[in-house]
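# Examining the three-dimensional arrangement
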Amino acid sequence: MPTLYSTGCPKCQVLKKKLDAAGINYTIESDIEIMKAKGFLQVPILEVDGKYMNFTEANKWIGEQ
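Residues numbered from 1 in each chain as written. Predicted model: local features only at pLDDT ≥ 70, side-chain atom pairs only at ≥ 80, totals over all residues. Heavy atoms only, no water.

### Quick word on the nonpolar core
As a reminder, the rule being used: Put simply, buried Ala, Val, Leu, Ile, Met, Phe, Trp, Tyr and Cys residues joined by side-chain atoms within 4.5 Å make one nonpolar core. Categorising residues by exposure relies on relative accessible area from a 1.4 Å probe, with only protein chains included: less than 20% of the type maximum marks a residue as buried, more than 50% marks it as exposed, and the intermediate range marks it as partly exposed. For the purposes of this entry, the term helix denotes a DSSP run of H or I that reaches at least four residues, the term strand denotes a run of E that reaches at least two, and both are numbered from the N terminus. Contacts: residue pairs with any heavy atoms within 4.5 Å of one another.
Core analysis: the largest hydrophobic core is formed by 11 residues, namely Leu4, Leu15, Leu19, Ile24, Tyr26, Leu46, Val48, Met53, Ala58, Trp61 and Ile62. Of all the elements in the fold, those that place two or more residues in this core are α1 (10-21), β3 (45-48) and α3 (55-64). At three residues, α3 tops the list of elements feeding residues into this core. Apart from residues no more than four positions distant in its own chain, Ile24 is found in contact with Pro2, Leu19, Trp61, Ile62 and Gln65.

### What to know about the pattern of salt bridges
Note the cut-off: Salt bridges, as used here, are contacts in which a Lys or Arg side-chain nitrogen is within 4 Å of a carboxyl oxygen on Asp or Glu.
As enumerated under the stated definition, the model contains three salt bridges in all. In this structure, Lys16 and Asp20 form a salt bridge, with 3.5 Å as the shortest nitrogen-oxygen distance. Of this pair, Lys16 and Asp20 are both found in helix α1, four residues apart, which corresponds to roughly one turn of the helix. Judged by relative accessible area, Asp20 falls into the partly exposed class, the value being 42%. Here Glu33 ties to Lys36 by a salt bridge, and the two come within 3.5 Å at their closest N and O atoms. Here Glu33 pairs with Lys36, and both are found in helix α2 (residues 32-37), just three residues apart, close to one helical turn. For Glu33, a relative accessible area of 52% translates into the label exposed.

Shape descriptors only; they carry no functional weight alone.
Below you can see the structure in the form of structure tokens.
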């Protein structure tokens, strides 16, 4: 199941709405310490099958589902 790393920022909200609209089940991780430990410098990040996608890549992936 995909994980959306999110702080609730505007771009995070856009990805959340797109995931919901596409009917994709996902979990949300909002713990900033976990994000920092993974080396994320910005959010949102969508993790699918161990692959991390930035906002643009995640939008493309959602559109292909």
